[in-house]
Structures are given as C-alpha cells and as structure tokens.
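Structural characterization, general
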Amino acid sequence: MTEQHPAKSIKVLLAEDQRMMRGALALLLGLEDDIEVVAQVSDGDAIVPTAREVRPDVALLDIELPGRSGLDAAADLRLALPRCQVLILTTFGRPGYLRRAMEAGASGFLVKDGPVEELAAAIRRVLAGERVVDPTLAAVALSAGPNPLTTRERDALNAAADGATVTDIAARLHLSTSTVRNYLSSAIGKTSTRNRMEAVRAARTNGWL
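Source: prediction; values computed, not measured. (Residues numbered from 1 in each chain as written. Predicted model: local features only at pLDDT ≥ 70, side-chain atom pairs only at ≥ 80, totals over all residues. Heavy atoms only, no water.)

1. Here's the deal with unusual backbone geometry
Our working rule: Working definition: helices are DSSP H or I runs of at least four residues, strands are E runs of at least two. Numbering for both runs from the N terminus. Exposure classes here rest on a 1.4 Å probe applied to the protein chains alone. A residue is buried below 20% of its type maximum, exposed above 50%, and partly exposed in between.
For arginine 55, which is not glycine, the phi torsion reads 55° and is therefore positive. Note on placement: arginine 55 falls in the loop between helix H2 (47-54) and strand E3 (58-61). Arginine 55 gets classed as partly exposed once you look at its relative accessible area, which sits at 47%.

2. Here we look at the pattern of salt bridges
Keep this limit in mind: Criterion for a salt bridge: a side-chain nitrogen of Lys or Arg within 4 Å of a carboxyl oxygen of Asp or Glu.
Considering all chains together, one arrives at 10 salt bridges under this definition. Note that aspartate 62 is salt-bridged to lysine 112, the shortest N-O span being 3.5 Å. Residue aspartate 62 is located in the loop between E3 and helix H3 (70-80), and its partner lysine 112 is located in the loop between strand E5 (108-111) and helix H5 (116-127); the two are separated by 50 residues in the primary sequence. For aspartate 62, a relative accessible area of 6% puts it in the buried group.

3. What about the pairing of E5?
We apply this condition: Only strands that DSSP links by at least two bridges are regarded as paired with each other. Crossover handedness is defined here as right-handed if the route from the first strand over the helix to the second strand goes clockwise, with the strands pointing away from the viewer.
In E5, alternate side chains face the same way, and those of Gly108 and Leu110 on one face and Phe109 and Val111 on the other are all buried. Here strand E4 (residues 85-90) pairs with E5 via 4 bridges, running parallel. Looking at the pairing, isoleucine 88 lines up with phenylalanine 109 of E5. The parallel pair E4 and E5, bridged by helix H4 (residues 95-103), forms a crossover whose chirality is right-handed. Pairing geometry for E5 and strand E6 (residues 132-133), over 2 bridges, is parallel. Of the residues in E6, the one forming a bridge with glycine 108 is valine 132. The parallel pair E5 and E6 is bridged by H5, and the resulting crossover is left-handed.

Right, dumping it as structure tokens:
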C-alpha cells in the first residue's frame, strides 16, 4: 500500500529580488507539509499580474524590489485580491516601513534574520486572520511616531534622489518649479536636514520613502 501524502493547503507567492535568498526561502518553505510556493517573482511590477494567475493565499513580499516596491504592490494586491493576505519580509526593519505596510493592508511584517519556522508559523497565522509583527520593531515604531511627510513631499524627495534639478522634478511630477521648491523645503525642515539629498537619506533611514 502506497503512503498517502497530504495535499499542500497554503499557496504562497514569493517576491524577492535576490536570487539566492528567493531560492532558499522557496526551498525551506516547501519542506513544510502544508505550504507550497506556487510562484516566485523578482520584480515588484510582476506581483499583482502573477497573483491574479496563481491566486495565492499569502503573498510574501520584500520591500526593496525593482519596479514597484513591495509596499506599493501590497496596496495594489489587497485591492486586486482581497482574500490574499500580505506578509512583508525585509532586511530593513525601519519603523516607517512598518507603518506604511500596515496602511497598505499588510497582515504581517517580519525581518529576514528570523528562523524559517517562525516565518512558516507567521504564514499560517495571517491566513487565520491574525496580525503578525516583529515585536522589537513594533515597539520602536510606536515610539518613533508617524511619518511627518505628506504624499507630495515624498514624491518630491523620491524624484530628487537621483540628483535631478528642480526643473526636472517639476516636469516629472507635472508641477510648477515654485511648488516643488516648497515641497522640498518643507521636507528638509521636517527631517531636520540641510539640503534635499540629506533629506532623502534621512527619510529613507526612517522608512518614510
């Protein structure tokens, strides 16, 4: 009599741009009796289209991906597939990232240095309707306060990150140069920095961009 193996019950989509990390995660999660990695993507723009095809129960998303970030894709995914739970897994445990992930509708937020058993348990918990957040990061996020930057100030800083001029930024955002200067000046003030590049670095460090 042949041994019957239980069918994998939890379908997971994995979004990670580092090939070695992606392969290792897929392999380790695949060893769990009830978890199957049904799709792997390396680009943020591929998350939603791939999820529409494979219909995962849980999407495990890195934040810093080529194309759309995992945080932006998380919000799109929650709209496209409301039943799919989103779990953010990142190297960068920044308080601002946690807040943005929760605002995007993510059900969990973990850093990558934890054991795979903890990750597998988190996948099961978010599927069961729980919210799973790295406890240390949660405590830091509560003490850090909310993101002080408005959406437009974040847009201006993101556009300035590659050293673009005010004129270039204005063209990208379809705004006047004076409006862009105002947004950048406000962002510099809120980040307590001296110039736009320092403001970009400070905002990224805090996870506000």
